[in-house]
Amino acid sequence: MSEVTNTTQNPFYFILTGIPGFEAFHIWISIPFCCLYAISIVGNITILTVIRIEPSLHQPMYLFLSMLALTDLGLTLTTLPTVMPIFWFDICKISFEACFAQFFFLHGFSFMESSVLLAMSFDRYVAICRPLHYATILTSQIIFRIGFAIICRCVLAVLPSLFLLKRLPFCHSHLLSHSYCLHLDMIRLACGDIRFNSWYGFALGLLIIVMDPLLIMLSYTLILRSILGRATWTERFRALNNCLSHILAVLVLYVPMVGLSMTHRFAKHASPLVHVIIASIYLLAPPVMNPIIYSVKTKQIRQGIFHLLFQRKVQ
């Protein structure tokens, strides 16, 4: 079989996959997917709008929440252009360049979500353990620097894997096993030496899946130690309640992420349907659940949403 690279004169494309074995029901399967995408887009835009128009929410905690909402929105809009056309119009082809662009933004936003949650854990640590210095430590300038560092970290993490993959020839089947372009899915179609790519992807996965959660756990260990030293149970409950939304967001991201990574590494021969379901949960659960979690569990966000709806109703 002849090798095909990005320098080939003939157009090269990948073929995306919907739900294997359920192709005849794609139009019906599209309904829950469409609802989930709508919830994600409307929910995250609502969070961003409320934080922007409410002066009382221009605080570090909510600025980090707006970063999370932007990341979730970016993750949603990255997969939407390929997932829904497969279900609606059976459009499965994606060009070489478009697939690599989606690969970059998909993994970039995914890593960015982990980085933002890490930054939010630091915010919770300062708020609970250093409350008197909260405003002086997390100034607007510091938050801007943290945001810029998160972007640089994610871009520098994803770019090497992008260039390493792009240099490889593709001469196997063009068929991907998902409705979007994932690194572990694309790399199995390459016919060159992929050992360095695999090790880099594995190291990057450890960096995100292991180091970030460990640092988040360290923050909560320090928070727990500080809470247990407080005099009343009321203060302890209030402090833990302030962290509950963030803890739920961490679980919503990392549980599917670990599941997807383990499936690709150690369950390669599992049913394709299993891979598709786990990948869909990994990519859709955080953007859909985070706005719901923060709207339900955060009183200020809930009041801001009511205020926004009330203003529109009056107008």
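Coordinates for the structure precede this section.
Residues numbered from 1 in each chain as written. Predicted model: local features only at pLDDT ≥ 70, side-chain atom pairs only at ≥ 80, totals over all residues. Heavy atoms only, no water.

> Help me out: how do you make sense of the overall build of the protein chain in this one?
Looking only at helices and strands, one finds ten helices and two strands in the protein chain. Taken from the N to the C terminus, the helices and strands of the protein chain come in the order β-α-α-β-α-α-α-α-α-α-α-α. In terms of overall size, the protein chain behaves like a compact globule, its C-alpha atoms giving a radius of gyration of 21 Å where 315 residues would be expected to give roughly 20 Å. Seen through its C-alpha atoms, the protein chain measures out along the principal axes to roughly 70 × 45 × 35 Å. Element-wise, carbon and sulfur atoms account for 71% of the exposed surface of the protein chain, whose accessible area totals about 16300 Å². Of the side-chain charges in the protein chain, 21 are positive and 12 negative, and the distance between the mean point of each set is 12 Å. (Helix = DSSP H or I, 4+ residues; strand = E, 2+ residues; numbered from the N terminus. Rg over C-alpha atoms; globule rule 2.2 N^0.38 Å. Areas by Shrake-Rupley, 256 points an atom, 1.4 Å probe, with all protein chains shown as cover. Lys, Arg positive; Asp, Glu negative; His and termini not counted. Charge placed at Lys NZ, Arg CZ, Asp CG, Glu CD.)

> Mind showing me how you'd approach the packing of helix H1 (residues 26-53) against helix H9 (residues 272-297) here?
How two helices sit against one another is set out by the angle between their axes and by the gap between those axes. Interhelical geometry of H1 versus H9 gives an angle of 45 degrees and a closest axis separation of 9 Å. Put simply, H1 runs oblique to H9. As for how H1 packs across H9, the hand of that crossing is left-handed. The residues of H9 that touch H1, namely those facing Phe-33, Leu-36, Tyr-37, Ile-39, Ser-40, Gly-43, Asn-44 and Ile-47, are Ser-280, Leu-284, Pro-287, Val-288, Pro-291, Ile-292 and Ser-295. (Axes fitted to C-alpha atoms, helices over the stretch in contact; angles between N-to-C directions. Parallel < 35°, antiparallel > 145°, perpendicular 65-115°, else oblique. Left-handed = near helix turned anticlockwise from the far one by under 90°. Contact = heavy atoms within 4.5 Å.)

> Is there a simple way to think about the pattern of salt bridges in this case?
Where charged atoms of side chains with opposite charge meet at close range, the side chains can pair. In the structure shown here, the tally under the stated rule is three salt bridges. The shortest N-O distance in the salt bridge between Asp-212 and Arg-153 comes to 2.7 Å. In this pair, Asp-212 sits in helix H7 (residues 195-228) while Arg-153 sits in helix H5 (residues 140-166), placing the two residues 59 residues apart along the sequence. Overall, the relative accessible area of 0% leaves Asp-212 in the buried class. Of the residues examined, Arg-153 reaches a relative accessible area of 23% and is grouped as partly exposed. (Salt bridge = Lys/Arg side-chain N within 4 Å of Asp/Glu carboxyl O. Buried < 20%, exposed > 50% of the residue type's maximum accessible area, 1.4 Å probe, protein only.)

> Before we go on, may I ask you to explain the nonpolar core in this structure?
Burial of nonpolar side chains together is a common tendency in soluble globular proteins. One finds Phe-14, Phe-170 and Met-186 to be the most contacted residues of the largest nonpolar core, which totals 89 residues. Counting residues per element, this core draws most heavily on helix H3 (residues 96-129), at 18 residues. (Core = buried A, V, L, I, M, F, W, Y, C linked by side-chain atoms within 4.5 Å.)

> What am I meant to see in the environment of Phe-64 here?
Within the secondary structure, Phe-64 is located in helix H2 (residues 60-89). With 186 residues separating them along the chain, Phe-64 and Val-250 place their C-alpha atoms 14 Å apart. Not counting residues up to four positions away in its chain, the partners in contact with Phe-64 are Val-116, Ala-119, Met-120, Asp-123, Leu-138, Ile-143 and Ile-146.

> Mind showing me how you'd approach the state of the cysteines here?
Every disulfide links exactly two cysteines, by a covalent bond between their sulfur atoms. Counted by the stated rule, this structure contains one disulfide. Cys-35 provides the cysteine sulfur closest to Cys-34, a residue in no disulfide bond, and the two sulfurs are 6.0 Å apart. The cysteine Cys-152 is free of any disulfide, with Cys-154 supplying the nearest cysteine sulfur at 9.4 Å. (Disulfide = S-S within 2.5 Å.)

> Looking at this structure, I do not really get unusual backbone geometry. What am I missing?
Note: most residues except glycine have negative phi, and most peptide bonds are trans. Positive phi is not limited to glycine here, since Asp-90 has a value of about 60 degrees. Mapping Asp-90 onto the fold places it in the loop between H2 and strand E2 (93-95). In this structure Asp-90 comes out as exposed when scored by relative accessible area, which is 56%.

> Mind showing me how you'd approach the packing of aromatic side chains here?
The geometry of two aromatic rings is summed up by the distance between their centres and the angle between their planes. Counting across every chain of the model gives eight aromatic pairs. With centroids separated by 4.5 Å and ring planes inclined at 35 degrees, the aromatic side chains of Phe-96 and Phe-100 adopt a geometry described as tilted. Placement of the pair is Phe-96 and Phe-100 together in helix H3, with a separation of four residues, close to one helical turn. Taken together, a centroid distance of 6.0 Å and an interplanar angle of 85 degrees make the contact between Trp-199 and Phe-202 edge-to-face. With Trp-199 and Phe-202 both in helix H7, this residue pair falls three residues apart, about one helical turn. In textbook terms, an aromatic cluster arises when at least three aromatic residues are bridged by ring pairs, as seen for Phe-14, Phe-96, Phe-100 and Phe-103. The positively charged end of Lys-93 is found above the aromatic ring belonging to Tyr-13, 4.5 Å away from the centroid. (Phe/Tyr/Trp six-rings, centres within 6.5 Å; stacked < 30°, edge-to-face > 60°. Lys NZ or Arg CZ within 6 Å of the ring centre and 35° of its normal.)

> How should I be thinking about the packing of H3 against H9 in this particular structure?
The interhelical angle for the contact between H3 and H9, taken along N-to-C directions, is 35 degrees, at an axis separation of 11 Å. Of the two elements, H3 crosses H9, and the hand of that crossing is left-handed. Here Leu-106, Ser-110, Glu-113 and Met-120 of H3 come into contact with H9, specifically with Tyr-282, Leu-283, Pro-286, Asn-290 and Tyr-294. Residue composition of the contact of H3 with H9, by class: six nonpolar, two polar and one charged. (Nonpolar A, V, L, I, M, F, W, Y, C, P; charged D, E, K, R; others polar.)

> Mind showing me how you'd approach a nonpolar patch on the surface here?
Taken together, the side chains of Phe-22, Phe-25, Ile-27, Trp-28, Ile-31, Trp-88, Phe-89 and Ile-91 define a hydrophobic patch exposed on the protein surface, amounting to about 900 Å² of accessible area. Elements supplying a minimum of two residues to the nonpolar patch: H1 and H2. For the nonpolar patch, the element with the highest residue contribution is H1, accounting for three residues. Among the structural elements, Ile-27 can be located in helix H1. A relative accessible area of 46% places Ile-27 in the partly exposed class. (Patch = residues over 30% accessible without salt bridge, like charges linked within 9 Å, V, L, I, M, F, W, Y side chains within 5 Å.)

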